[in-house]
Structure formats: structure tokens, C-alpha cells
Amino acid sequence: MLPAVTALALALTLATGCTAPTEPNAIVRESADPSGFRGAALPDPYVMPDSTLVDTAGQSFNLRRSPSKPVRLLFFGYTNCPDVCTTVLAEIATALGRLDPSVRDQVQVLFITTDPSRDTGQRMRSYLDRFDPSFIGLTGDLAAVKAVAERVGVEIAGLKRLPGGGYEVGHGAQVIGFDKSSSGVVVWTQPTPVADLMHDLTLLVDKQR
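None of these values were measured; they are calculated from a predicted model.

Student: I tried to follow the overall build of the protein on my own but got confused; where do I start?
Tutor: Each helix and strand counted, the protein has seven helices and 11 strands in total. Looking at the protein residue by residue over its 209 residues, the buried ones come to 52%. A separation threshold of at least 6 residues defines the contact pool for the protein, and within that pool the share at least 24 residues apart is 72%. About 9000 Å² of surface is accessible on the protein, with carbon and sulfur atoms providing 53% of the total.

Here it is, written out as C-alpha cells:
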């Protein structure tokens, strides 16, 4: 069972209409353990599901076996997200861009769409390329996406119809850091300062050596 403060931090990230809370950062800092992470360190890590999705090139991608980097960041979102998804991806890209190349090269970002009916491979690829061409976009049927999300503590709340037509997709806005053993050991909620992301990514990469 997660410590109460960590559970609260995760609960606060459950976004309705992809809108995150305004000030969860202090909670994340309090939840850090002696591991040194500034994000929420998880004493009972998530296990990356042994699930196969489809990447933006239409190729099968197994979440546990396909990644080529020892550190993976997992984030759920969608290309029509009005606010939080763009912010989170931009923060990750900025943090990665400021890291030493020897650290940056050990990190892989996995973006799983929560809106597979609209997010085609081409649409996701164009969207992710705005942040970093190395980001991997993944899709599958909604049931498969929800099953993966549930295994790593991310809630997908479903559709919210908009007055002018269309819809938003409520989903958790946390980013989960996985190590080389496919264990999700740290979670970052929004907003997390870029400096904290840089610190934690460097630490997580160092722990894999």
C-alpha cells in the first residue's frame, strides 16, 4: 500500500477534461524518500504491463520488451487535449534537452493515447514531433489502453461532451518513471519544475549503471 501522502498526490492528478490541479507540487516533495527523488518515490513500484500496443508507424510495440533504453517515462494523453498534455510534454522535452547527452540518451518517452478513435498514427507522430521526434506514440483499442492505465495507477475517466460539439477525455496527468527492470519507481505530478525533472532523471539513469 502506498503511503497516504503519496496516494493523495496521485489522487490529485486525476484530471477531468485533462485539467490538472494547480498546486500538487508540495505534496510530491513531501513524499520523496531517502532514494533522493524529488518526485513521489514509490515503495511498492508498479510493474510495466506485458502488453502490446501499436506505434505511430503501425508496428507492434510491447511495453516490457520493445523499449531500447534503460529508463522509460510513461504518460497518457491525447492530441486534442486543451491544456495539460501539451504542458507536460513540453516540460519533459525541456528537461531532456538540458541534460548531458550521456544521460539523455538513456531515457525513452512513451506516450499512450487515451483517445484512440481520433489519434491516428500520423496525427500522433505530428503532435509528438512538436516536442521531440524521439518520443514514441502508442495506441490500441480503448479497452487495452484502459487496462494498461489501470495497472499503473492512471485513471481514464471517459468522455466529456462539449457544448460546441466534440469532447474531452478525462485522464490522470502523472508521469511514471520506469527503471531497467520495468519497475515504475517514481511519479511526477503536474506542475513539476523542470529542474526537479532533470535532477530525478539524472538520478534514475545513474541508478541503472
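Student: Help me understand helix α7 (residues 194-207) in this model?
Tutor: Count 3.6 residues to each turn of an α-helix, and residues three or four apart come out pointing the same way. The end-to-end C-alpha distance of α7, which contains 14 residues, comes to 20 Å, matching closely the 20 Å that a straight helix rising 1.5 Å per residue would cover. Every buried residue belonging to α7 is among Val194, Asp196, Leu197, Asp200, Leu201, Leu204 and Val205, and all of these are buried. End-on, the buried residues of α7 take up no more than an arc of 160°, which puts them together on one face.

Student: Sorry if this is basic, but what is going on with the environment of tryptophan 188 here?
Tutor: Among the secondary structure elements, tryptophan 188 is positioned in strand β11 (residues 183-188). With a relative accessible area of 2%, tryptophan 188 lands in the buried category. Residues tryptophan 188 and arginine 38 lie 150 residues apart in sequence; the distance between their C-alpha atoms is 8.4 Å. If near-sequence neighbours (up to four positions away) are discounted, tryptophan 188 is found in contact with Gly39, Leu73, Gln174, Val175, Ile176, Gly177, Leu197, Asp200 and Leu201. Reaching out from tryptophan 188, the side chain makes a polar contact with the side chain of aspartate 200 at a distance of 2.8 Å.

Student: Help me understand the nonpolar core in this model?
Tutor: Burial of nonpolar side chains together is a common tendency in soluble globular proteins. In terms of nonpolar packing, the biggest core is built from 58 residues, with Leu63, Leu73, Phe76, Ile112 and Phe135 touching the most fellow members. If one sorts the elements of this core by residue count, helix α3 (residues 84-98) sits on top with eight residues. In this structure phenylalanine 76 touches Ile112, Thr114, Val145, Val148, Ala149, Val152, Val154, His171 and Gly172, once residues within four positions along its chain are discounted.

Student: Would you mind going over the pairing of β11 with me for this structure?
Tutor: The side chains of a regular strand alternate between both faces of the sheet. Burial runs high along β11: six of the six residues are buried. Relative to β11, strand β10 (residues 175-178) runs antiparallel, the two being bridged by four bridges. Counted as the bridge partner of valine 175 is tryptophan 188 from β11.

Student: I tried to follow unusual backbone geometry on my own but got confused; where do I start?
Tutor: Note on backbone geometry: most residues besides glycine have negative phi, and most peptide bonds are trans. Here the bond from glutamine 190 into proline 191 is cis, since omega is 5°, no more than 30 degrees from zero. Along the chain, the position of proline 191 falls in the loop between β11 and α7.

Student: What should I look at first to understand the side chain of glutamine 208 in this one?
Tutor: Here glutamine 208 shows up in the segment after α7. Looking at glutamine 208, the relative accessible area reads 11%, which means it is buried. Ignoring sequence-local partners within four residues, the contact set of glutamine 208 consists of Pro70, Val71, Asp179 and Lys180.

Student: Looking at this structure, I do not really get the packing of aromatic side chains. What am I missing?
Tutor: What describes a pair of aromatic rings is the distance from one ring centre to the other and the angle between the planes of the rings. Considering all chains together, one arrives at three aromatic pairs under this definition. Here the aromatic rings of phenylalanine 75 and phenylalanine 111 are separated by 6.2 Å at their centres, their planes lie at 45°, and the arrangement is tilted. Of this pair, phenylalanine 75 sits in strand β5 (residues 71-77) while phenylalanine 111 sits in strand β6 (residues 107-113), and the two are 36 residues apart along the sequence. The pair formed by phenylalanine 75 and phenylalanine 111 is uniform in burial state, with each residue classed as buried. Taken together, a centroid distance of 5.4 Å and an interplanar angle of 75° make the contact between tyrosine 127 and phenylalanine 131 edge-to-face. Within the aromatic cluster, the residues linked to one another by ring pairs are Phe75, Phe111, Tyr127 and Phe131.

Student: How should I be thinking about the pattern of salt bridges in this particular structure?
Tutor: A side chain of one charge can pair with a side chain of the opposite charge when the charged atoms of the two come close. Enumeration over the complete set of coordinates arrives at seven salt bridges. Residues aspartate 50 and arginine 65 are paired through a salt bridge, measuring 2.7 Å at the closest nitrogen-oxygen approach. One end of the pair, aspartate 50, is in the loop between β2 (40-47) and β3 (52-55); the other, arginine 65, is in the loop between β4 (60-62) and β5, and 15 residues separate them in sequence. The exposed category is assigned to arginine 65, whose relative accessible area is 59%.

Reading the values: rules and limits
Residues numbered from 1 in each chain as written. Predicted model: local features only at pLDDT ≥ 70, side-chain atom pairs only at ≥ 80, totals over all residues. Heavy atoms only, no water. Helix = DSSP H or I, 4+ residues; strand = E, 2+ residues; numbered from the N terminus. Buried < 20%, exposed > 50% of the residue type's maximum accessible area, 1.4 Å probe, protein only. Contact = heavy atoms within 4.5 Å. Areas by Shrake-Rupley, 256 points an atom, 1.4 Å probe, with all protein chains shown as cover. Expected span 1.5 Å × (residues − 1). Arc of directions from axis to C-beta. Polar contact = N/O pair within 3.5 Å; in protein donor to acceptor, adjacent residues only side chain to side chain. Core = buried A, V, L, I, M, F, W, Y, C linked by side-chain atoms within 4.5 Å. Pairing = 2+ DSSP bridges. Phe/Tyr/Trp six-rings, centres within 6.5 Å; stacked < 30°, edge-to-face > 60°. Salt bridge = Lys/Arg side-chain N within 4 Å of Asp/Glu carboxyl O.

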